[in-house]
Amino acid sequence: MFDNNSNKSRTSNRRKEDIIDVESFITDRISQLGSKAASQRGLCDSSKIYGGILSVVSFFALNSIPGGQVVVASSLAGYLLAVYGDYATTKRLRLFPSRRTVSGLSQDKEGNEDDRFIALNEDYEEDISYLGQKEELEAKFINRYFDELCEKLYELPVSDRSNTYQVIIDSVFSRKKQSKYYQYFEARSKQDARFMEAEIAAKEKLLPRKIRQVDIDYLKLEEDQNLFSRQLPGDQDLSQGSELFPVSEPAMTLSQDEPVLTGYQIFYSLIDSTCCYVAGGQQSGKTLLLAETTKRKAEEGILIFYVNWFSTKLDRDGHWEHVPASHKIETDISMLSPEEFMEVINQTLNLLNTFKLLVFGEHHKDCILVWDELEVSADKNSGDVSKATQPVLQLLSDLIGRLTGTGVKNGGSVQVLSPGYAAGSMFAFVNSKAKKMTPIVCSINKGKFVKTRNNKTISFNKSLLRQMANNFVSAVEVDVPIELASTKTERIFQFQEEWVALGDASDLRPCNYVATDDITHQPHNVLAQKKRSQIEELITKLEEDGYETLWSFAEAMEIPSSDAKRRFIEIVSTYLESERPDLASRFARNKEKEFSSFDGRYSYSDNIEKELNTRLLTNFRCCLCQKRSEDVEIHRTSYLGADDQPGKNMFPLCEVCHDEAHEAGNWNSTLDSIWSSHQTEGFTKRINLGLNFLTQDID
Ligand SMILES: [Zn+2]
Ligand SMILES: [Zn+2]
């Protein structure tokens, strides 16, 4: 019966809405409840004070003012009404206005046992005892199970989230500890604690390794073909290599269990005929995975094509030497003159047409096309660049569409590499095809940390997985099972919602590939050389003309948009860091330390002034904990260079809160570019709320 009632009130009070960003939905909800509590309390207290004072004063003046009895009666009634109103909503009888308590926690202790089954976290500051009982419970529930709630809702389709949220709150309110939802979230939050304990235990080698990297010959795949029957064409002949390479006995395994394949082995069996979207950040191992597997495919006679328009590394790493220059575009289009840029666009169009002709034409050849950095390549918001790239991307999408279409088996595939999946910033026609590809994730294992060349630490990135889970037609698993997380495995791989160890090239058959191309005479290398001499020329200019900041240098070089300036600065700073530390020190953020390419983010003329203005915004208080300190630090929720703005992307934070702002769950650390890391939406809201609160207080 209760359920029926709550269902009715739910549908009348709330429209069914699609929730896409769960974290900000819940953050919004709790701040709504918080401000409601604050205003209720204000209203209630002032009625009690005025009603109380008036009735007392007029009682003593009863006989000296005309109509005294009426005033006494009405103000007494006002007082009683306020007390009763408070009682009716909160079921608390409070005769006096509230004292400000240090935190909601002390108020919480007044309730009876039944009301306190959800303990508030210590950090909660609102005095929620002025809310109705149900809203009070809702606030407590969000406060206590914020992470678990977010995770649960993210697992659901967007259209079900709003309903489920309300069902959860209704159930917990009506059944208290008996609610299955309460029990579920409580167990889940305890499980996280257990997970952390298990991680520590694993580090101390107390846990046996449950998953191992199994060393088996790749030919063993034949027996496991049923595993991938959805992907493998029936006529594929995996024994093809057996004449070249002797079949060895499967390596001895540690137990009787079915051997677990590594990511390398799974991927190797897929790429001939399955179009994969391989997502993974820096250091996730995705580039090497593609390079090593396609190297072997090239040896088997499959033609490999490779396109990367944003190859930022100054020195080519040689991963793609097995791709003939005529089938390869490897450049950075943001560094090219307009003529060179158009040349690259035309070369790419030709390359795609060749691929198309070979795969779908009369004289079929098996081909694999690898498209690196799809996310930035397909950015619809880069003005003229987008206009020029659109026809190329249109052709690419058509090819993906044809190759992922049902029943098409042409012995060809497109493999896409990308650090993430930003559906909103890509051309819609790319998005509609890309999301139908087979999602593959390469990642750092949960609880492991890997250093980049710039000495930055990379770890498991859950928001990338949520992004994938929200966009792909096929399901993506967001979490890593503890059996895998507790192993020593550093890098992991996901296919069809299963995580396994990524493995490495030694899991595949040996490869005898020898580069035969005389690459020095190929067109892509002309571009690379041009780029090299171009940058050396630039650096000479930078040195001789004595620019004080990299941003002013970019301006002097007439780099048009802010975006282009940022890319330009990234290239210059990366070069300075590795090749010219002497000159670089001029642009170091901290003059006592060595220059790092990340310093390029702050190298603009009024940086110091903007940082001071940021501190003055709150009069040196931290936006999150509100403590005042001379050492208050400057935090940026995104990196914009000279477009930085106090209060927009720059906020004063104390050292402790600043660390929190950069924790994995609050901060998207992509590091593919010095500009790309940024705050999560939910945490940005928290910072903004804090800033609003502080600036109102000062006025
Ligand atoms: Zn703080
Ligand atoms: Zn920061």
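Since this is a predicted model, take the numbers as computed values, not measurements. (Residues numbered from 1 in each chain as written. Chains lettered and ligands numbered in written order. Predicted model: local features only at pLDDT ≥ 70, side-chain atom pairs only at ≥ 80, totals over all residues. Heavy atoms only, no water.)

Let's shift gears to the overall build of the protein. Of regular secondary structure, the protein possesses 22 helices and 14 strands. Here the protein holds 699 residues, and the buried ones make up 47% of them. Across the protein, every contact between residues at least 6 apart in sequence was considered, and the portion connecting residues at least 24 apart equals 69%. Summed over all atoms, the accessible surface of the protein reaches about 35,000 Å², with 51% contributed by carbon and sulfur. (Helix = DSSP H or I, 4+ residues; strand = E, 2+ residues; numbered from the N terminus. Buried < 20%, exposed > 50% of the residue type's maximum accessible area, 1.4 Å probe, protein only. Contact = heavy atoms within 4.5 Å. Areas by Shrake-Rupley, 256 points an atom, 1.4 Å probe, with all protein chains shown as cover.)

H635 (ND1), H658 (NE2) and H662 (NE2) make up the full set of protein donors to the zinc ion (ligand 2), lying at 2.0 to 2.1 Å. In the primary structure, the donors to the zinc ion (ligand 2) are separated according to the pattern H-x22-H-x3-H. For H662, a relative accessible area of 32% puts it in the partly exposed group. (Donors = N, O, S within 2.8 Å, 3.2 Å for Na, K, Ca; no water.)

Looking at the zinc ion (ligand 1), one finds its protein donor set to be C622 (SG), C625 (SG), C654 (SG) and C657 (SG), positioned 2.2 to 2.3 Å from the metal centre. Of note is the zinc ion (ligand 1), whose four donor atoms meet at the metal with angles of 105 to 116° in an arrangement that counts as tetrahedral. Sequence positions of the residues that donate to the zinc ion (ligand 1) give the spacing C-x2-C-x28-C-x2-C. Of this pair, C622 sits in the loop between α20 (607–617) and β11 (633–636) while C657 sits in helix α21 (residues 655–661), and the two are 35 residues apart along the sequence. Neither residue differs from the other here; C622 and C657 are each classed as buried. (Tetrahedral: all angles 85-135°; square planar, octahedral: opposite > 155°, others 65-115°.)

The strand order across the open sheet formed by eight strands is β3-β2-β4-β5-β1-β6-β9-β10, and the pairing between neighbours is mixed. On the outer flanks of this sheet lie β3 (328–330) and β10 (498–501), each paired with one strand and no other. For this sheet, the mean angle separating the axes of adjacent strands, direction not counted, is 20°. Summarising the sheet, strand β9 (residues 491–495) and β10 pair through four bridges and their orientation is antiparallel. Following the sheet pairing, I492 is matched in β10 by A501. Lying over the sheet, helix α14 (residues 462–471) contacts β1 (276–279), β6 (438–444), β9 and β10, oriented at roughly 175° with respect to β6. (Pairing = 2+ DSSP bridges. Axes fitted to C-alpha atoms, helices over the stretch in contact; angles between N-to-C directions.)

The next subject is the nonpolar core. If you look at the biggest cluster of nonpolar residues, it comprises 54 residues, and the most contacted ones within it are W309 and W371. Leave out the neighbours within four places in its chain, and W371 touches V307, W309, T348, L352, S377, V392, L393, L396, Q415, V416 and L417. In this structure, L550, I559, F587 and M650 belong to the second largest nonpolar core, which totals 31 residues. (Core = buried A, V, L, I, M, F, W, Y, C linked by side-chain atoms within 4.5 Å.)

Right, let's talk about the packing of aromatic side chains for a bit. Taken as a whole, this structure holds 15 aromatic pairs when the rule is applied. Joined through ring pairs, the aromatic side chains of Y277, Y421 and F472 make up one cluster. Its end group placed over the ring of F173, K176 keeps NZ or CZ at 4.8 Å from the ring centre. Seen from the ring of F360, R402 lies directly overhead, with NZ or CZ sitting 3.8 Å from the centre. (Phe/Tyr/Trp six-rings, centres within 6.5 Å; stacked < 30°, edge-to-face > 60°. Lys NZ or Arg CZ within 6 Å of the ring centre and 35° of its normal.)

On the surface, I49, Y50 and I53 cluster together to form a nonpolar patch covering roughly 320 Å² of accessible area. Mapped onto the secondary structure, I49 falls in helix α2 (residues 22–60). Taking relative accessible area as the criterion, I49 reaches 35% and is therefore assigned partly exposed. (Patch = residues over 30% accessible without salt bridge, like charges linked within 9 Å, V, L, I, M, F, W, Y side chains within 5 Å. Salt bridge = Lys/Arg side-chain N within 4 Å of Asp/Glu carboxyl O.)

Right, let's talk about the pairing of strand β12 (residues 650–653) for a bit. Across the two faces of β12 the burial is the same, with M650 and P652 and F651 and L653 all buried. Relative to β12, β11 is paired through four bridges, and the arrangement is antiparallel. The residue of β12 that forms the bridge with R636 is M650.

Relative to the helices and strands, K328 is located in strand β3. Of note is the side chain of K328, whose polar atom sits 3.5 Å from the backbone oxygen of V323. (Polar contact = N/O pair within 3.5 Å; in protein donor to acceptor, adjacent residues only side chain to side chain.)

Our focus in this paragraph is the confidence of the model for the protein. For the protein, per-residue confidence averages 78 on the pLDDT scale, and residues scoring 70 or more make up 75% of the total. In the model, residues 99–113 has pLDDT below 50 throughout and makes 28 contacts with residues more than four positions away in sequence or in other chains. Taken as a whole, residues 198–256 scores under 50 in pLDDT and shows 84 contacts with residues more than four places along the chain or in a different chain. (pLDDT = per-residue confidence, 0-100.)

This part covers unusual backbone geometry. Although it is not a glycine, E558 adopts a positive phi angle of roughly 60°. Position of E558 among the secondary structure elements: in the loop between α17 (550–556) and α18 (562–579). Take E558: its relative accessible area is 69%, and that puts it in the exposed class. For N619, which is not a glycine, the phi torsion comes out positive at approximately 55°. Mapping N619 onto the fold places it in the loop between α20 and β11.

Position of T684 relative to the elements: it lies in helix α22 (residues 681–698). Considering only alpha carbons, one finds T684 and N666, 18 residues apart in sequence, at a separation of 8.5 Å. Here T684 is in contact with T637 and Q679, once residues within four sequence places are set aside.

Here we come to the pattern of salt bridges. Enumeration over the complete set of coordinates arrives at 24 salt bridges. A salt bridge links R491 to E490, with the shortest nitrogen-to-oxygen separation between them at 3.6 Å. The partly exposed category is assigned to E490, whose relative accessible area is 38%. For the salt bridge of D644 with R636, the shortest nitrogen-to-oxygen distance reads 2.7 Å. In terms of burial, D644 and R636 fall into one category: buried. Overlapping salt bridges bring together E151, K446, K462 and D479 as one network.

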